[in-house]
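Chain residues, written in single-letter form:
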Amino acid sequence: MPLNPALPFTVTTWSEVEATVHPGITGEATWRTVMIGDTRTRMVQYSAGYLADHWCSRGHVLLVLEGSLRTELDDGRVILLATGESYAVSTDMEAHRSSTATGARLFVVD
């Protein structure tokens, strides 16, 4: 995911970015999204009890800022992440689905 070399220094005040709500099978995800060239950056808040309504095959770099995250992979593995932990996966490598019992705040680049 190369960064656009012509990108000027950019500051994002996340509280000023419009929020969009995405319902899960249970709970909801609130996204604040900023596009930087072709790169999508998001601050994401998962409610307690959130379970994604889809399997995702898009690549991400994801950092857990608060809470805990459970990620299921399509091969049956389950990855548990806590505050300060991250994962990276390329597009079309391993489909994954997120959930959280307690809620989580994430920073995601894809």
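Each remark here, short or long, concerns the structure printed above.
This structure is a prediction, so every number in the text was calculated from the model and none was measured.

## Section: the packing of aromatic side chains
Under the criterion given, the structure shown has two aromatic pairs. With a centroid separation of 5.9 Å and an interplanar angle of 80 degrees, the aromatic rings of tryptophan 14 and phenylalanine 107 are classed as edge-to-face. Highlighted residues: tryptophan 14 in the segment before β1 (19-23) and phenylalanine 107 in strand β9 (residues 104-109), separated in sequence by 93 residues. Take tryptophan 14: its relative accessible area is 18%, and that puts it in the buried class. The exposure class of phenylalanine 107 is partly exposed, given its relative accessible area of 26%. Summarising the aromatic geometry, the rings of tyrosine 46 and tyrosine 50 are spaced 4.2 Å apart at their centres and angled 15 degrees between planes, so their arrangement reads as stacked.

## Considerations on the environment of serine 86
With respect to the helices, strands and loops of the structure, serine 86 is situated in strand β7 (residues 86-89). Spatially, the C-alpha atoms of serine 86 and arginine 70 are 12 Å apart, while their sequence positions differ by 16 residues. For serine 86, the residues in contact, after removing those within four places along its chain, are Leu62, Leu63 and Leu81.

## Brief notes about unusual backbone geometry
The phi torsion at aspartate 92 lies on the positive side, around 65 degrees, for a residue other than glycine. Here aspartate 92 is to be found in the loop between β7 and β8 (96-100).

## Topic: the nonpolar core
Residues Val44, Tyr46, Leu62, Leu69 and Leu106 are the most contacted members of the largest nonpolar core, which totals 15 residues. Sorting the residues of this core by element identifies β2 (28-36), β3 (39-46), β5 (60-73), β7 and β9 as the ones contributing at least two each. The residues touching valine 44, leaving out its near neighbours within four places in the chain, are Ala29, Thr30, Trp31, Ala104, Arg105, Leu106 and Val108.

## A look at the side chain of arginine 97
Tracing the chain through its elements places arginine 97 in strand β8. On the accessibility criterion, arginine 97 (17% relative accessible area) is buried. Residues contacting arginine 97, with those up to four places away along its chain left out, are Ile25, Leu51, Ala52, His54, Trp55, Arg70, Thr71 and Glu72.

Cut-off values and rules
Residues numbered from 1 in each chain as written. Predicted model: local features only at pLDDT ≥ 70, side-chain atom pairs only at ≥ 80, totals over all residues. Heavy atoms only, no water. Phe/Tyr/Trp six-rings, centres within 6.5 Å; stacked < 30°, edge-to-face > 60°. Helix = DSSP H or I, 4+ residues; strand = E, 2+ residues; numbered from the N terminus. Buried < 20%, exposed > 50% of the residue type's maximum accessible area, 1.4 Å probe, protein only. Contact = heavy atoms within 4.5 Å. Core = buried A, V, L, I, M, F, W, Y, C linked by side-chain atoms within 4.5 Å.

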